[in-house]
Amino acid sequence: MLEATNRFFNNAADHLGLDERMRTILTTPRRVVRVEIVTESDSGELMHHLGFRVQHNQARGPMKGGLRFHPDMDEDHAASLASLMTWKTAVVDIPYGGAKGGINCDPSKLSQAELHRITTTFVSLIREIIGPTLDIPAPDVNTNATVMAWIMDEYSKYYGFSPGVVTGKPVDLFGSLGREEATGRGVMYALEECLKESDRTLSDVTVAIQGFGNVGSHAARLIHQQGGSIVAVSDISGGIRNEKGLDIPALLEWVANHKVVEGFPGGESIEGADVLTCSCDVLIPAALENAITADNAPAVQAGIVVEAANGPLTPEAHRILVDRNITVVPDILANAGGVTVSYFEWSQNIQQFQWEEARVIEELEKKMRRAYQAVAALARDERLDLRTAAFVLAIKRVVRAASTRQAVGHLLPDSLK
Ligand code: NAD
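Novice: Please provide a residue-by-residue account of the packing of helix H6 (residues 182-196) against helix H12 (residues 357-382), values included.
Specialist: Orientation of H6 relative to H12, taken along the N-to-C sense of each, is 45°, at an axis distance of 9 Å. With respect to H12, the element H6 is oriented oblique. The hand of the H6/H12 crossing is right-handed. Across from Ala182, Arg185, Gly186, Tyr189, Ala190, Glu192, Glu193, Cys194 and Lys196 in H6, the residues of H12 making contact are Ile361, Leu364, Glu365, Met368, Arg369, Tyr372 and Gln373. Each residue belonging to the contact of H6 with H12 can be placed in one class, and the counts come to eight nonpolar, two polar and six charged.

Now the structure itself:
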């Protein structure tokens, strides 16, 4: 996966004429940590899991990025996702660098008590390298507000009251209003901006969404509220489709009761993978990486693909879609709403002052629309696809910050000034 991220980075680096030395500096993480998490299961057996934290770059501020609990989690995933965080925080222009981490585990096979022990042991093992001014974790796949509360609690045992060590906390425990839905909401704003380019609004389009977790379900709810027709949805259990538009409030209630979309009576059941290639105007992959590859990219029917997940397209798939004139709104832009409201949460924690939800939404909307417009303008001016333009914008911002810190700005090539 890291290789894919670096290939996208290198397309932008080629455009900017970066030399090998600069590329190496910008792609090499500054710290990679691997820890052995040994805990007891509920039945008293010893459990052993590997935990990771990769800190990629801190030129623009403390490092920021989610924690993922997943059986595929490894150093390569963490490094790739950490790098994406550096570019993402730069695209939306918030004062952070990039990091990512997680634990190689299958949460569906663990009790709450076991997950709690694993999480707190992980925090005790990485506590020296995280902190409100150093590296601030957040939720990602299979982690949520409760897990963030455990992290805050454990870290505070060592360092005293520290709500700013982690974001995505419960609203009752120093979290921010509007954080839980923020990534989905940001996806909606990015899509709205994209549609403006063809004089369309959400009520003009049909949408298919892969993944119905935090990001996918909130994106579906908000797009549906604005008049968008969600014609297909999938999750780990399979897919459902209704050409006339799924009743999203009913589907949300179904999933709240049954955990998965499978069995929902308001649509025909289809293979999960078919959601990616069904007939629709907009496709939103919101599950995991590598959902669209060279194998299924030629069959994608949507005219716009909005990457709500991180890395859902392989570089080959991206090339195929761009060559087919399909607009791809890249992850480092489309799903940046989550880290943006994480930044607002952190700011509130530092100020010890809670914002009203309307303020969170207003500031998020401003950040997302501005970022989209900046990327789209660069893409138009320099004849780039949106992903390469987003990387170009981000690389310029990171390099400028790094070189200013070290007083070597005058040595930069013109393309980076
Ligand atoms: P989540 O765990 O809440 O949901 C993941 C969803 O994907 C679930 O509905 C799951 O059933 C589904 N899924 C898993 N495998 C699937 C498959 N093969 N086919 C179809 N569906 C499948 O995770 P999330 O927080 O919604 O994150 C989803 C993606 O968005 C990840 O790539 C994550 O890195 C990215 N992301 C999340 C946030 C955030 O704030 N949570 C922010 C930015 C990016």
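Having seen the structure, we can now continue with the description.
Novice: Account for the domain arrangement of the protein chain, with residues named and values stated.
Specialist: What the domain assignment lists for the protein chain is domain 1 (29-167) and domain 2 (182-334). Its C-alpha centre places domain 1 at a distance of 27 Å from the equivalent point of domain 2. Taken together, the contacts link 11 residues of domain 1 with seven residues of domain 2. Regarding the contact of domain 1 and domain 2, the summed buried area is about 760 Å², with carbon and sulfur atoms giving 59% of it. Three residues, Leu84, Lys88 and Val91, lead the burial of domain 1 against domain 2; their summed loss comes to 49% of the area buried on that side. Where domain 1 meets domain 2, there are one salt bridge.

Novice: Please provide a residue-by-residue account of the site of the ligand, values included.
Specialist: Near the ligand lie 21 residues; those nearest to it are Asp140, Thr183, Asn214, Val215 and Asn310. A distance of 2.7 Å is found between an oxygen atom of the ligand and a side-chain nitrogen or oxygen belonging to threonine 183. Here alanine 287 contributes a backbone N or O atom positioned 3.1 Å from an oxygen atom of the ligand. When the ligand is considered free in solution it has 830 Å² of accessible area, and contact with the protein chains removes 82% of it. Mapped onto the shell around the ligand, the elements with two or more residues apiece are helix H7 (214-225) and strand S7 (229-235). Residues belonging to the shell around the ligand are distributed by class as follows: eight nonpolar, nine polar and four charged. Here the shell around the ligand gathers at least three residues from each of two domains, domain 1 (29-167) and domain 2 (182-334).

Novice: A description of the packing of aromatic side chains should follow, citing residues and the corresponding values.
Specialist: Summed over all chains, the structure comprises 11 aromatic pairs. On the numbers, 5.4 Å between centres and 35° between planes, the contact of phenylalanine 9 with tryptophan 87 is tilted. With a gap of 78 residues between them, phenylalanine 9 in helix H1 (residues 2-16) and tryptophan 87 in helix H3 (residues 75-91) connect regions that are remote in the sequence. By relative accessible area, which is 0% here, tryptophan 87 ends up buried. With a centroid separation of 5.1 Å and an interplanar angle of 35°, the aromatic rings of phenylalanine 344 and tryptophan 355 are classed as tilted.

What counts as what
- Numbering of residues starts from 1 in each chain and follows the order in which that chain's sequence is written.
- Owing to the predicted nature of the model, reporting of local features is limited to residues with pLDDT of at least 70; listing and counting of side-chain atom pairs is limited to 80 or more, with chain, interface and lining totals taken over all residues.
- Note that water and hydrogens are dropped before the side-chain values are worked out from all heavy atoms of the structure.
- An axis is simply a line fitted to the C-alpha atoms; with a helix, the fit covers only the stretch in contact. Between two such axes, the angle follows the N-to-C directions and lies from 0 to 180 degrees.
- Think of it this way: any DSSP run of H or I at least four residues long counts as a helix, any run of E at least two long counts as a strand, and we number them from the N terminus.
- The cut-offs work like this: below 35 degrees is roughly parallel, past 145 is roughly antiparallel, 65 to 115 is roughly perpendicular, and the gaps in between are oblique.
- Each crossing is labelled by how the near helix is turned from the far one, with a counterclockwise turn of less than a right angle marking it left-handed and a clockwise turn marking it right-handed.
- It only takes one pair of heavy atoms within 4.5 Å for two residues to be counted as in contact.
- Side-chain classes follow a simple rule in which Ala, Val, Leu, Ile, Met, Phe, Trp, Tyr, Cys and Pro form the nonpolar group, Asp, Glu, Lys and Arg form the charged group, and the remainder, Gly included, forms the polar group.
- The start and end points of each domain follow an automatic or database-based domain assignment.
- The buried area of a pairing is the accessible area, by a 1.4 Å probe, that goes missing from both parts when the two are put together, added over both.
- By salt bridge we mean one thing: a side-chain nitrogen of Lys or Arg within 4 Å of a carboxyl oxygen of Asp or Glu.
- In this text, near means that some heavy atom of the residue lies within 4 Å of the molecule or strand in question.
- Pairs of N or O atoms within 3.5 Å make up the polar contacts considered here, provided that, within protein, one atom can donate a hydrogen while the other can accept it, and that residues adjacent in sequence are counted only when both atoms are side-chain atoms.
- All accessibility values rest on the Shrake-Rupley procedure with a 1.4 Å probe; residue burial counts only the protein chains present in the view.
- When two rings of Phe, Tyr or Trp (its six-membered ring) have centres within 6.5 Å they constitute a pair, described as stacked for plane angles under 30 degrees, edge-to-face for angles over 60, and tilted for the intermediate range.
- Burial status follows relative accessibility: with a 1.4 Å probe on protein chains alone, a residue under 20% of its type maximum counts as buried, one over 50% as exposed, and anything between as partly exposed.

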